[in-house]
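# Fold and geometry: a report
Each chain, letter by letter, is given below.
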Amino acid sequence: RGALVAVRQLAPRSCNAAIEAISVRLFDADATVQAGAADAVCLLAERGHPRVTRLLCKRASTSEAAVRSVVVKALGLVALVGDARARAALHKAMGDPSAAVRREAVLAISRITPKGQEETMRELVTMLGDADETVRHAAVQGIRDTA
């Protein structure tokens, strides 16, 4: 992680080429490669990077739960506060069958939601009733962060 962040700080122009090369791997046949690409691209891309945000939104509904979890987390780190497309993808992920994806979606949506937004607060309160303890804990954290 540290090396990727250092690359971004030292060579912002070459980061665009790296982001493009890594973004292609979001669609690799291997789920491990997809997850690694999502993790790496969110470290290289600046917050609000439009192409990366769009690609992560698209990959948030991939068939592999482990990949969805990493993609959803990355989306919360890359998307701008108030990004409607990212919010829609994260809202959908909050209903995912995988508790890990729901947890990451709850945390991610709280990162991109403007403070005090009532609709998201209601969604987070609903997540307090989730069957999974880690999702409920994330909902408490999300409510605290967005209040």
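Residues numbered from 1 in each chain as written. Predicted model: local features only at pLDDT ≥ 70, side-chain atom pairs only at ≥ 80, totals over all residues. Heavy atoms only, no water.

### Observations concerning the overall build of the chain
Scanning the chain from terminus to terminus reveals 9 helices and 0 strands. For 147 residues, the compact-globule estimate of 2.2 N^0.38 gives 15 Å, and the C-alpha radius of gyration of the chain, at 15 Å, lies within 12% of that figure. Taken along its principal axes, the extent of the C-alpha atoms in the chain is 45 × 30 × 25 Å. Split into buried and exposed, the 147 residues of the chain put 46% on the buried side. Contacts in the chain between residues at least 24 apart in sequence constitute 64% of all its contacts with a sequence separation of at least 6. Within the structure as shown, the chain displays about 7,500 Å² of accessible surface, and the carbon and sulfur contribution to it stands at 57%. Computed over 21 positive and 16 negative side-chain charges, the inter-centroid distance for the chain is 4 Å. (Helix = DSSP H or I, 4+ residues; strand = E, 2+ residues; numbered from the N terminus. Rg over C-alpha atoms; globule rule 2.2 N^0.38 Å. Buried < 20%, exposed > 50% of the residue type's maximum accessible area, 1.4 Å probe, protein only. Contact = heavy atoms within 4.5 Å. Areas by Shrake-Rupley, 256 points an atom, 1.4 Å probe, with all protein chains shown as cover. Lys, Arg positive; Asp, Glu negative; His and termini not counted. Charge placed at Lys NZ, Arg CZ, Asp CG, Glu CD.)

### Thoughts on helix α9 (residues 133-146)
Its 14 residues place the ends of α9 20 Å apart at the C-alpha level, agreeing with the 20 Å of an ideal helix rising 1.5 Å per residue. Those residues of α9 that sit buried are Val-135, Ala-138, Ala-139, Gly-142, Ile-143 and Thr-146. Along the axis of α9, the buried residues cluster in a sector spanning 140°; they form a single face. Exposed residues lying more than 90 degrees from the buried face of α9 are Glu-133, His-137 and Arg-144. Looking at the packing, one finds that the buried side of α9 touches α7 (99-112) and α8 (118-127). (Expected span 1.5 Å × (residues − 1). Arc of directions from axis to C-beta.)

### Quick look at the packing of helix α4 (residues 50-59) against helix α5 (residues 65-78)
Where α4 contacts α5, the axes come no closer than 9 Å and their chain directions differ by 150°. Here α4 is positioned roughly antiparallel relative to α5, judged by the angle of their axes. Crossing angle aside, the handedness with which α4 passes α5 is left-handed. When α4 is examined against α5, the residues Val-52, Thr-53, Leu-56, Cys-57 and Arg-59 are found in contact with a partner set consisting of Val-71, Ala-74, Leu-75 and Val-78. (Axes fitted to C-alpha atoms, helices over the stretch in contact; angles between N-to-C directions. Parallel < 35°, antiparallel > 145°, perpendicular 65-115°, else oblique. Left-handed = near helix turned anticlockwise from the far one by under 90°.)

### As for the side chain of Ser-98
Positionally, Ser-98 belongs in the loop between α6 (84-93) and α7. Setting aside its immediate chain neighbours within four residues, Ser-98 contacts Ala-65 and Arg-68.

### Focus: the pattern of salt bridges
According to the stated counting rule, one finds 9 salt bridges in the structure shown. Arg-51 is paired through a salt bridge with Glu-20; the nearest N and O atoms lie 2.8 Å apart. Placement of Arg-51 in helix α4 and of Glu-20 in helix α2 (residues 12-24) is noted, with a sequence separation of 31 residues between them. Arg-51 sits in the partly exposed class, given a relative accessible area of 28%. Here Glu-119 makes a salt bridge to Arg-87, at a shortest N to O gap of 3.7 Å. Of this pair, Glu-119 sits in helix α8 while Arg-87 is found in helix α6, placing the two residues 32 residues apart along the sequence. By relative accessible area, which is 42% here, Glu-119 ends up partly exposed. Among the charged side chains, a salt-bridge network with shared partners connects Arg-87, Glu-119 and Glu-123. (Salt bridge = Lys/Arg side-chain N within 4 Å of Asp/Glu carboxyl O.)

### Let's talk about a nonpolar patch on the surface
On the surface, Val-125, Leu-128 and Val-140 cluster together into a nonpolar patch covering about 230 Å² of accessible area. For Val-125, the location among the structural elements is in helix α8. (Patch = residues over 30% accessible without salt bridge, like charges linked within 9 Å, V, L, I, M, F, W, Y side chains within 5 Å.)

### Brief notes about the packing of α7 against α9
Put simply, α7 and α9 touch, their axes get as near as 8 Å, and they point 5° apart. The angle between α7 and α9 places the two elements in the roughly parallel class. In this structure, α7 contributes Ala-99, Arg-102, Arg-103, Val-106, Leu-107 and Ser-110 to the contact, and α9 contributes Thr-134, Val-135, Ala-138, Ala-139, Gln-141, Gly-142, Asp-145 and Thr-146. In terms of residue class, the contact of α7 with α9 is made up of 6 nonpolar, 5 polar and 3 charged. (Nonpolar A, V, L, I, M, F, W, Y, C, P; charged D, E, K, R; others polar.)

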